[in-house]
Amino acid sequence: GPIYRTFCMINTFLERARRSAEFRYDRLTTRYRNDRLDQQFNADRPAMLDRIDQCITRGVGWLGPQRDVSMSVLYCALQTLRHTADARFEFVRAQMDHYRATINDPAFRVVDRDYDDTAPEVANLPSVMDVRPYFDVELMMIDTAWADLRPQPDILKRLAAFDDDGGYGSTHIVIGALILKENGGADAAALDALINSQIAVIAQSNDQTARAEDLFAERCMVLQWLGLHDLVRPSWVVRLMDRQLPDGGWTGRNIPPHGQSNQHTSVLALAVLAEFLHHHRAKH
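The notes below deal with the structure included here.

If you walk through the whole model with that rule in mind, you get six aromatic pairs. Consider the rings of Y75 and W225, whose centres lie 5.3 Å apart with planes at 80°: the pair is edge-to-face. Linking Y75 in helix α3 (residues 71-84) with W225 in helix α11 (residues 214-225), this pair joins segments that are 150 residues apart in sequence. In this structure, Y75 and W225 share a single accessibility class: buried. Note on F108 and Y115: the rings are 5.0 Å apart at their centroids and 50° apart in plane angle, and the pair reads as tilted. Y115 matches F108 in its accessibility class, with the two residues each being buried. Directly above the aromatic system of W146 lies the positively charged group of R150, at a separation of 3.8 Å from the ring centroid.

Set out below in structure tokens:
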């Protein structure tokens with residue numbers, strides 16, 4: 001009735017006001033709060049690295065047994081396995097086998113360059129667009145994966161158009177450019193220039209929020225994939241660890257199931273923790 005609708009409107013207004021205040025507070029203070037977290041991390045580095053190790057084990061315990069996963073899980077987990085040689089991420093191979101056998105998804109070429117989405121045994125499978133439709137930026141990633149075999153002269157211009165000052169568009173510009181560098185289909189120098197245009201804003205954005213959720217983790221991950229490990233502050237990793245749920249996964253605002261662990265945020269957080277642990281243990 002009218003009373004309930006009024007209550008919902010008031011509640012929505014209060015939530016927006018709270019988020020706005022939180023956003024402004026974070027922009028003013030998070031960098032300095034991160035300084036303190038960095039100091040705490042560096043004061044007890046071995047114990048903190050052990051804590052990261054334990055968080056990875058718990059996270060893999062939640063994500064690893066799942067078979068019905070998204071393409072982002074396969075891609076991020078496989079990249080983590082390749083970069084770190086951490087055997088805990090071997091679970092991705094069984095997930096890839098299951099995915100390949102059950103879904104026709106041209107995006108699978110980001111994990112297997114020999115994938116043929118026109119082969120009879122693949123073409124007859126349910127289309128990914130009927131199972132879990134992709135967003136525009138994800139469709140762009142598919143185009144980057146096939147650019148060497150299905151040339152698109154405007155692909156760099158289209159990829160650059162996703163620039164959103166450090167948001168999901170910026171992170172996917174980097175991811176798409178890295179796929180193009182690995183698979184081919186675009187000029188390497190132009191790709192480097194496109195990647196370099198996003199690095200500063202991606203790093204700066206994470207120093208302006210204390211909410212270590214989905215996009216936060218994705219920013220960390222793409223910086224690590226670029227080899228820019230020193231830009232990923234220990235404080236960011238501490239914030240991710242603090243967000244881990246009792247079941248071992250991570251939740252993200254507006255990502256279902258709401259308030260519970262989801263695959264995308266969890267694989268991003270795990271990728272960041274594993275890359276950070278691998279880099280810092282090798283470094284010291």
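With the rule as written, the count across this model stands at 21 salt bridges. Close ionic contact of D35 with R233 constitutes a salt bridge, the shortest N to O distance being 2.6 Å. Taken together, the residues D35 in helix α1 (residues 2-43) and R233 in the loop between α11 and α12 (234-242) connect sequence positions 198 residues apart. What makes R233 buried here is its relative accessible area of 14%. With a closest N to O distance of 3.1 Å, R100 and D97 form a salt bridge. Of this pair, R100 and D97 are both found in helix α4 (residues 91-102), three residues apart, which corresponds to roughly one turn of the helix. Judged by relative accessible area, R100 falls into the partly exposed class, the value being 29%. A relative accessible area of 46% means that D97 is categorised as partly exposed.

Looking now at the packing of α11 against helix α13 (residues 263-283). Two numbers describe how α11 lies on α13: the axes approach to 9 Å, and their chain directions differ by 40°. Comparing their axes, α13 and α11 come out oblique. Handedness of the α11/α13 crossing: left-handed. In this structure, α11 uses D214, A217, E218, C220, M221, Q224 and W225 to contact α13, whose residues at the interface are H264, T265, L268, A269, A271, V272, E275 and F276. Taken together, the residues that form the contact of α11 with α13 break down as nine nonpolar, three polar and three charged.

Moving on, we get to α13. In this model α13 runs 30 Å from its N-terminal to its C-terminal C-alpha over 21 residues, within 8% of the 30 Å that 1.5 Å per residue would give. Backbone nitrogen of H264 and a side-chain oxygen of the N-cap are separated by 3.0 Å at the start of α13; the cap is N262.

In contact at an axis separation of 10 Å, α12 and α13 are set at 135° when each is read in the N-to-C sense. Taken together, the axes of α12 and α13 lie oblique to each other. With respect to the hand of their crossing, α12 and α13 are arranged in left-handed fashion. Here α12 contributes P234, V237, L240 and M241 to the contact with α13, which in turn contributes A269, V272, L273 and F276. Looking at the contact of α12 with α13 residue by residue, the classes come out as eight nonpolar, no polar and no charged.

Structurally, H284 is set in the segment after α13. A relative accessible area of 63% means that H284 is categorised as exposed.

Basis of the calculations
- Residues numbered from 1 in each chain as written.
- Predicted model: local features only at pLDDT ≥ 70, side-chain atom pairs only at ≥ 80, totals over all residues.
- Heavy atoms only, no water.
- Phe/Tyr/Trp six-rings, centres within 6.5 Å; stacked < 30°, edge-to-face > 60°.
- Helix = DSSP H or I, 4+ residues; strand = E, 2+ residues; numbered from the N terminus.
- Buried < 20%, exposed > 50% of the residue type's maximum accessible area, 1.4 Å probe, protein only.
- Lys NZ or Arg CZ within 6 Å of the ring centre and 35° of its normal.
- Salt bridge = Lys/Arg side-chain N within 4 Å of Asp/Glu carboxyl O.
- Axes fitted to C-alpha atoms, helices over the stretch in contact; angles between N-to-C directions.
- Parallel < 35°, antiparallel > 145°, perpendicular 65-115°, else oblique.
- Left-handed = near helix turned anticlockwise from the far one by under 90°.
- Contact = heavy atoms within 4.5 Å.
- Nonpolar A, V, L, I, M, F, W, Y, C, P; charged D, E, K, R; others polar.
- Expected span 1.5 Å × (residues − 1).
- Polar contact = N/O pair within 3.5 Å; in protein donor to acceptor, adjacent residues only side chain to side chain.

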